[in-house]
Amino acid sequence: MLTDTALSPNVRLRSVPLGASRWTRGFWHALFERCHAVMLPNMWRLLEHPDISHAYANFVIAAGEQPGRHAGPKWHDGDFYKWLEAAAAVYATTRDPLLESLMDRVIDTIGRAQRQDGYLHTPIVIEQRGGDTPGATEFQERLDFETYNMGHLMTAACIHFRATGKRSLLAIARRAADYLYRFHTTAAPELARNAICPSHYMGVIELYRTTGDRKYLELGKNLVELRDLVSGGTDDNQDRLPFRQQTQAVGHAVRANYLYAGVADVVAETGDTSLLDTLQTLWTNVVTRKMSITGGCGALYDGASPDGSPDQASINRVHQAYGRDYQLPNATAHNETCASVGNVLWNWRMLSITGDARFADTLELVLFNVLSSIGLDGKSFFYTNTLRQVELPFDLRWSRTRTPYISCFCCPPNIVRTIAESSGYAYSVSEDGVWVNLYGGSVLDTRFGSGSRIRLAQHSAYPWEGRVVLTIQDASAEPFALRVRIPGWATGASLQVNGSTETTTSGTYHEVRRAWRAGDTVELDLPLRPRRMQAHPRVEETRNQVAIMRGPLVYCLESTDLGNGLRIDDVLVPRDIELTPFAETDGPLTGMTLLRGTAAARKQDTGFRTELYREVSTQPAHETDITLIPYFGWANRGPSEMSVWLPLAS
């Protein structure tokens, strides 16, 4: 969810107004257009169809428009709100009248489903309207996801208001937030600490930014403090330890990343340095010890935490979770899509607070590679994002092939709203200038500081090509800074201002301060060379293996591109492999830059039958040509094996 930090007192970078930045050509523009034309209508069809998801039907029943019972997961309301937020974000750019009409219709239904006191959670509302348990009581079960659903209502409402100027959904969200405010001032701490997957931390702070009502800021601060008042929490919900005492990311990764993003929102409004220090510590733990090379979070399907603790009574089951430091499996990697979206939300807020380019680097890494979760058709999905797809001798919970609908449908609308809002991450402003965070064909038209004007156009075929040209189209007369991000991987990047070369440093924002005139240009050349990556030696599953990156993109080997009866396990990569980029011209991957090189191959399954161990084979390897594709593009050409990490040839 995009933030509106225009008035936030403790940020260095401020977000630009919704619609002030938009994609115009290239990678992200094509994806946004697909979101508008395919993803949104397809997802509406799924959510509206009572025999597929029942999400919209739950609101219709709760509104008393038809009889029935709640169906689907308890967080289904939140799934629907994420779709609605995506629709509003797309409308902000397209002004599509059909989208506007559809949003008006569903918002009217949502409003009639809400109780008079502001409470809105369709499983309970339906039961209280005369279901099997008319005495159903709110907030009696932590896993009912009531506040999670309301949090997504609030963020959707803020985006809808900023996109349309209409207060219809905002009024519904305010009534829900007012209900939560009253509830948290009167309920016992044990009841009030209902914080499963706390999207409402972000929601109430964004409502404060949108309305200026300080009780929502008060609620946001109290929600964070409330976590520390009651004992008996678990690592799965990040409340076994008081928040400020936490030094490691633990437990359910979606809940964790939503929590960290919400706390960052509180920091942006309060300046609480103790919370910021904790967030910095947790971020370092994630990025240096617990994050997949793709930016995926929550490597474990299931585990125990604190794993191996001498105090065995403190150990609890965790799921979809962060594990121990360096515990990063490949074939069984969970890496839920929602955890990656949470990683985007967290890093965006940390970037805004600090202006530190490392957060923008991580945000970009995740934005590109989480696209593996949605098919190139815009209509098929992964819940988890494995790093290695091979035949396994056991079953896992989630499908390892793309599916048109997932019974737990939280991830598909989350990736769609991320795509819908992606242009909002491209630029930021501060009192003294403009920050360029992401690259791709786009325009920016906004004001900053005391009203200074900037209109610029960006031309780039990034991430396939490294050349970026920024052209000033209009600017206020007074000097200001244009800060251009030089990614941490872009050693040797060159930058010219009106043809004059300037020295750059990777992993920073390069500042160009001057009086700008229409026609001024900044030309950036980023070195998009294939990079052979290795993991820390404590990551046991990737010892003596290599992964390939080019710019922010992780690449993988897919069995579709292997011949001669080879399988993924047979391929060995020389340490000095030379990989040549080329543009694909055929099939679903058309237009993408693929990598071609020569590797070694040796059949790995020779000799194994029922034994677990055997002597090393002396069979010689032979040369074979390989083609690597962007990780986000795998599983779009039929069933296949795939691996990001590949063993090194001896």
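These figures come from a predicted structure and were not determined experimentally.

Q: Go over the packing of aromatic side chains with me, naming the residues and quoting the values.
A: The full count for this structure, using the stated rule, is 34 aromatic pairs. Between Phe 80 and Trp 83 the ring centres are 5.5 Å apart and the planes differ by 40°, which places this aromatic pair in the tilted class. Placement of the pair is Phe 80 and Trp 83 together in helix H3 (residues 76-94), with a separation of three residues, close to one helical turn. The class of Phe 80 is buried, set by a relative accessible area of 0%.

Q: Would you mind going over empty space enclosed by the protein in detail, with residue names and values included?
A: Empty pockets left among the atoms are what a rolling probe the size of a water molecule brings to light. Counted according to the given criterion, the structure contains five cavities of 30 Å³ or more. Of the volumes computed, that of the largest cavity is approximately 90 Å³. Surrounding the largest cavity, 13 residues form its lining, Leu 18, Gly 19, Ser 21, Ser 423 and Gly 424 being those nearest its centre. Classifying every residue of the lining of the largest cavity by side-chain character gives seven nonpolar, five polar and one charged. What the second largest cavity holds in volume is close to 50 Å³. Every residue along the wall of the second largest cavity is listed here: Thr 294, Gly 295, Gly 296, Asn 335, Ser 340, Asn 369, Val 370, Ser 372, Asn 385 and Tyr 631.

Q: Give me the lowdown on the packing of helix H11 (residues 253-270) against helix H12 (residues 273-290), citing residues and values where you can.
A: For the pair H11 and H12, the least separation of the axes is 9 Å and the interaxial angle reads 145°. Like other packed secondary-structure pairs, H11 and H12 cross with a definite hand, here left-handed. Taken together, the residues of H12 that come into contact with H11 (itself represented by Tyr 260, Val 263, Ala 264, Val 266 and Val 267) are Leu 275, Leu 276, Leu 279 and Leu 282. In terms of residue class, the contact of H11 with H12 is built from nine nonpolar, no polar and no charged.

Q: For the side chain of His 152, give the residues involved together with the corresponding values.
A: Within the fold, His 152 resides in helix H6 (residues 146-164). Exposure remark for His 152: the relative accessible area of 2% places this residue in the buried category. Here Tyr 258 takes part through its side chain, which lies 3.4 Å from a polar atom of the side chain of His 152. The residues touching His 152, leaving out its near neighbours within four places in the chain, are Gly 78, Tyr 81, Lys 82, Ser 199, Tyr 258 and Arg 417.

Q: Account for the pattern of salt bridges, with residues named and values stated.
A: Scanning the model with the defined rule gives 44 salt bridges in all. A salt bridge links Asp 325 to Arg 289; the shortest N-O distance between them is 2.9 Å. Taken together, the residues span a long stretch of sequence, with Asp 325 in the loop between strand S5 (316-322) and helix H13 (337-354) and Arg 289 in helix H12 at a distance of 36 residues. In this structure Asp 325 comes out as partly exposed when scored by relative accessible area, which is 23%. The partner of Glu 641 in a salt bridge is Arg 567, and the shortest N-O contact between them spans 2.5 Å.

Q: Give me the lowdown on the packing of H6 against helix H7 (residues 168-186), citing residues and values where you can.
A: Running from N to C, H6 and H7 point in directions that differ by 145°, and their axes come no closer than 8 Å. As for how H6 packs across H7, the hand of that crossing is left-handed. For the pair formed by H6 and H7, the contact residues are Thr 147, Met 150, Leu 153, Met 154, Ala 156, Ala 157, His 160 and Phe 161 on the first element and Ser 168, Leu 169, Leu 170, Ile 172, Ala 173, Ala 176, Ala 177 and Leu 180 on the second.

Q: So what's going on with the sheet that holds strand S15 (residues 508-514)? Residues and values would help.
A: The sheet built from five strands is open, its strands ordered S1-S7-S8-S12-S15 with mixed pairing. The open sheet has two edge strands, strand S1 (14-15) and S15, and neither has a second partner. In the packing of helix H14 (residues 357-369) onto the sheet, contacts are made with strand S12 (480-486) and S15, and the angle to S12 comes to roughly 50°.

Q: Describe the pairing of strand S13 (residues 494-497), and please don't skip the residues or the numbers.
A: What you see with S13 is a clean split: Leu 495 and Val 497 sit on the buried side and Ser 494 and Gln 496 on the side with no burial. Here four bridges tie S13 to strand S16 (residues 521-525), and the two strands are oriented antiparallel to one another. Counterpart to Ser 494 in the pairing with S16 is Asp 525. Bridging between S13 and strand S14 (residues 500-502) involves three bridges; their strand directions are antiparallel. Paired with Val 497 across the two strands is Ser 500, which belongs to S14. Turn length for the S13-S14 hairpin, with the two strands adjacent in sequence and antiparallel, is two residues, and the turn residue Asn 498 shows positive phi of about 50°.

Q: Give me the side chain of Glu 641: which residues, what numbers.
A: Inspection of the secondary structure puts Glu 641 in the loop between strand S23 (622-630) and strand S24 (642-643). Within polar-contact distance, the side chain of Glu 641 engages the side chain of Arg 567 at 2.5 Å. Those residues in contact with Glu 641, other than ones at most four positions away along the chain, are Gln 389, Val 390, Glu 391, Leu 557, Glu 558, Ser 559, Arg 567 and Ile 568.

Thresholds applied
- Residues numbered from 1 in each chain as written.
- Predicted model: local features only at pLDDT ≥ 70, side-chain atom pairs only at ≥ 80, totals over all residues.
- Heavy atoms only, no water.
- Phe/Tyr/Trp six-rings, centres within 6.5 Å; stacked < 30°, edge-to-face > 60°.
- Helix = DSSP H or I, 4+ residues; strand = E, 2+ residues; numbered from the N terminus.
- Buried < 20%, exposed > 50% of the residue type's maximum accessible area, 1.4 Å probe, protein only.
- 1 Å grid on protein atoms, 1.4 Å probe; cavity = no way out; pocket = protein on both sides within 12 Å on 5 of 7 lines; lining within 4 Å.
- Points joined across faces, edges and corners; volume = space filled by probe spheres on them.
- Nonpolar A, V, L, I, M, F, W, Y, C, P; charged D, E, K, R; others polar.
- Axes fitted to C-alpha atoms, helices over the stretch in contact; angles between N-to-C directions.
- Left-handed = near helix turned anticlockwise from the far one by under 90°.
- Contact = heavy atoms within 4.5 Å.
- Polar contact = N/O pair within 3.5 Å; in protein donor to acceptor, adjacent residues only side chain to side chain.
- Salt bridge = Lys/Arg side-chain N within 4 Å of Asp/Glu carboxyl O.
- Pairing = 2+ DSSP bridges.

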